[in-house]
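Report on the structure
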Amino acid sequence: MERVTTLAAAVRAAPLSTERRHVAAVTFAALGLINILVFGMLAHHGDAGFALSESGLGMRIPIISVPAAPACYVLGAICLGLGVVRETVPVGVRGKRIAIAVVLLCFLLALLCWADAGAIPLNVIIIMQGTWVASIPLILGALSGCLCERSGVINIAIEGQLLFGAFSAAIVASAFGGVWVGLIAGSLTGGLVGLMLAVFAITFLMDQIILGVVLNVLALGMTDYFFDRLMSTNPNYNTGNTFAILKIPGLAEIPVIGPIFFDSNVFLYITYAAIIVIQIALFSSRWGLRVRAVGEHPTAADTVGIPVLWTRYRNVILGGLVAGIGGAFLTVGSVGSFSPDMSSGFGYIALAALIFGRWTPLGALAASLLFGFCLELALVLPTVNPALPAPIMNMAPYVATIIAVAGLVGKVRAPKADGQPYIKS
Amino acid sequence: MSEIPATGPDPAPAATEPAAAELGPPGDSAGPRRSRAWLTTGVLIQAVTQGSSAVVTILAIFLALVVGGVLIVFSDPVVTRAWSSLFVDPGYTFGQTWDSVSFAYSQMFEGAILNPSTVSAAIHGGSIAAIFYPLSSTCAQATPLILTGLSVAVAFRCGLFNIGAAGQWVGGAVVATWLGFGVSLPPFIHVVVCVAGGFVGGAVIGWFVGLLKAKTGAHEVIVTIMLNYVMYDLLSYLLSHPAMLQQPGQTNEIAPFVDNDANLAHVGGPPPQVGIGFLIAVAAAIACAWLLTRTTTGFQFRTVGASPSAARTAGINVERSWTLVMLLAGGLAGLSAAAIVLGTNTQLTYNSYGTYGSDGITVALLGRAKPIGVIWAGLLFGALHVGGTYVEAATLGNVPADIVQVLEGLIVLFVAAPALIRAVFRLRSTSGTGMEAVAKGWNG
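Keep in mind that this is a model prediction, so the values were computed, not measured. (Residues numbered from 1 in each chain as written. Chains lettered and ligands numbered in written order. Predicted model: local features only at pLDDT ≥ 70, side-chain atom pairs only at ≥ 80, totals over all residues.)

1. Focus: the overall build of chain B
Helix and strand content of chain B: 19 helices and two strands. Burial statistics for chain B: of 444 residues in total, 55% are counted as buried. (Helix = DSSP H or I, 4+ residues; strand = E, 2+ residues; numbered from the N terminus. Buried ≥ 20, exposed ≤ 12 C-beta atoms within 10 Å, placed from the backbone.)

Rendered as structure tokens:
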């Protein structure tokens, strides 16, 4: 048995060129050198401060100050060291992933030290709360993709599901004066887009990539149109209700952790639940085994009696419901009122997070948090340090993604039957 | 793929498409038989009843217009009032509905293709040129769409999904603009250099994507999406610094006008004119068609698109094909930018990139990733854009131009789902679904 797995690994590794094997180590080292040579050398003199309490009032935890340049040197050295380890010591899959996470974390910390050197302290709590705000639609979108693609249907329509969900959540919450009906309406609308995806992809055998793009175009056109017809003429349909903050009693009082993880509105807790449920359902239950069988080898699944088409229909619609909640977050969960094209590419970033996270809920969570953190930094850093050019800071998360995808992750493998319609013969 | 002869202008006969043909469904043998005699009446009837690809396309457009009509009815306050008296006076209700929808679509037609009143004016001694004014606007709108559509289409043929036409567009626009105002050259040479610069600027961005995929396996969908945002931010940075591309004395993100020498001229005299950009777009489409169907490189692209592993076994350098096709795709998107920056606007602003990138995807899909098909798709979408603006003005905003985007989406949706069209119009099902060779899953 062991020989078989080694053989399988060898076959899978075969197309990779010899230079490919060194890419990860070289990227680790390159990021380490950037930490040292760019962030460390160019940092202003002075300390970078990190505040760990919510506001200036009642500072229970002192501000952590570190000398910026030496901190960058240390973080760079860690990256270089990991690069050497990666090149010389054979580490397992888990080790590789942890190493990637540590290197990215060091890189981001060095970036923070460089940006904040000699400036007012950064408030870590507020940055992390902002990270959740940016990440929740990404996480729910990526989970939607995960549900669909594990069953073998490519979901590029995440963007459309988010946008339509946001629109109907806003309009229903405004018309009925309740945020919960808005949340439910957003979720159902996402499910409706999922149903369209399912009908065209599974029953009418339409190319799924085309279909996803088309659904996004339609969602954009329809929401623009209805915004123009209904909302801009009648502000009563876009009042901007939002959910109230729901502190978890007890847990929210824990310093640092409480305000970050347990002091938000209900969407954050729904997101926790969705991640846990979908991860366990897909990878530790009979249900998930069947879903993955349908996504990897539908013919075999059909032979043992799993209803392929029904499984796909169910998963695509479920995915739509989840993404619809993410869309509802954009309106009733954060800013309240709808504006045209407000999902602004979040669906595509969620798609990237799904692929970056190797089609697993936990991987998608990690990737979404990385993107969300970078999006938040791009907003925060120019206000802390006005010398930084805002467009270049905005660019950073996307450059980081390209580096991560090209240098650290490389070729990923989708579910084998992903995107192929199943025709029973 | 057997429908190819029925689409008429396509230069790719079924026999030269081994790579695409093998992706078609089994039992697809009607091709040569139909192509021999496709002009006879019997075959025409057969094409209609069995739903050949041209018929499906026309029916898809028709169905999209019907669904769009529902939206138009919804927008017209007179009609929505008329529907409240549906049971009292159904004749009035349906009459108002028909009037509203037919008015909107006829205005769209007059704005984009032909306005009968200009014809009668010309007969009575008016300007003949005015007849062609709507068509010339359509061509002008179609130009960037055709070029970004080609960019997406050639990448599709090699099995790559290029969502990054927008970023490549920005790359081309930056280079073309800088050459346009920052460099002094003799008249004719200047514009040629600028257009070439646009191609190169886009090609560099596209090449980078192909290179990353070839060297590290990074998925082109992620890389192109991320590069789009990088390029938008880069554009914003360049346009906010006078030392870079910003017009001196401006606070907005706007570049100087390009020199007159660098303007893409128009041909055909006063107002109704065809821009050189449109001619470049058509020439680029023909060149792509030739490249894809008549050259070894094009054959390699299509083989890689059909199956990378089979192509590798056959000795084709798959990585080289990916890099090369993305270079070409980027260059075409850059040409689209050159046509806008040097021709239509003569100035680059932050919003110049518009929606050319995403429109390029829909145009490529409607054109079935075939260069000549992309020309027709680009013209159709160009006409819809022109007609949409026209109808919004003609109905005093009752029918918003946004409706065009819905129509575009519906057309591609229905064209790509021939099974649905056949079901709706009760056509007999035949071989081939038409679009299956365009795009593939992540595992390519």
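2. Re the overall build of chain A
Of regular secondary structure, chain A possesses 16 helices and five strands. For 425 residues, the compact-globule formula gives about 22 Å, and the C-alpha radius of gyration of chain A, at 23 Å, lands near that figure. Counting all 425 residues of chain A, 52% fall into the buried class. A separation of at least 24 residues holds for 77% of the contacts in chain A among residues at least 6 apart in sequence. (Rg over C-alpha atoms; globule rule 2.2 N^0.38 Å. Contact = placed C-beta atoms within 7 Å.)

3. A look at the nonpolar core
Cys72, Cys113, Leu143 and Ala353 of chain A together with Ala285 and Leu342 of chain B are the most contacted members of the largest nonpolar core, which totals 278 residues. Residues within four places of Cys113 of chain A in sequence aside, it is in contact with Phe39, Ala43, Ala48, Val66, Ala68, Ala71 and Cys72 of chain A. (Core = buried A, V, L, I, M, F, W, Y, C linked by C-beta atoms within 7 Å.)

4. Observations regarding the interface of chain A and chain B
Between chain A and chain B, the residue contacts involve 46 residues of the former and 44 residues of the latter. Among the secondary structure elements, those contributing two or more residues to the side of chain A that touches chain B are helix H2 (18-42), helix H8 (208-231), helix H14 (346-356) and helix H16 (390-409) of chain A. When residues of the side of chain A that touches chain B are assigned to their parent elements, the largest contribution, 14 residues, is made by H8 of chain A. Class assignment of the residues belonging to the side of chain A that touches chain B gives a composition of 31 nonpolar, seven polar and eight charged. (Nonpolar A, V, L, I, M, F, W, Y, C, P; charged D, E, K, R; others polar.)

5. Notes on the domain arrangement of chain A
All names here are of chain A. Each domain of chain A was delimited in the assignment, giving domain 1 (20-120) and domain 2 (124-383). Once you take the C-alpha centre of each, domain 1 and domain 2 turn out to be 31 Å apart. With ten residues of domain 1 at the interface, the matching set in domain 2 holds eight residues. Counting only elements with at least two residues in the side of domain 1 that touches domain 2, the list comes to strand E1 (47-51) and helix H4 (93-116). It is H4 that provides the largest number of residues to the side of domain 1 that touches domain 2, a total of three residues. Looking at side-chain class alone, the side of domain 1 that touches domain 2 contains seven nonpolar, one polar and two charged residues. (Domains from an automatic or database assignment.)

6. Points about the environment of Phe200 of chain A
In this structure, Phe200 of chain A sits in helix H7 (residues 179-203). For the pair formed by Phe200 of chain A and Leu211 of chain A, sequence separation is eleven residues and the distance between their alpha carbons is 7.6 Å. For Phe200 of chain A, the residues in contact, after removing those within four places along its chain, are Met206 and Leu211 of chain A together with Ala417 of chain B.

7. As for the confidence of the model for chain B
Residue and element names in this part refer to chain B. Averaged over chain B, the pLDDT score is 81; the fraction of residues at 70 or greater is 83%. Within the model, the stretch residues 1-38 combines pLDDT values under 50 with 67 contacts to residues more than four positions away or in other chains. Note that residues 431-437 has pLDDT below 50 and, in this model, 26 contacts with residues that lie over four places away or in other chains. (pLDDT = per-residue confidence, 0-100.)

8. Re the pairing of E1 of chain A
Residues and elements named next belong to chain A. The pairing of E1 with strand E2 (residues 64-67) spans four bridges and is antiparallel. Counted as the bridge partner of Phe50 is Ile64 from E2. In terms of strand pairing, E1 meets strand E3 (residues 122-123) through two bridges, oriented parallel. Among the inter-strand pairings, Phe50 is bridged to a residue of E3, identified as Leu122. (Pairing = 2+ DSSP bridges.)

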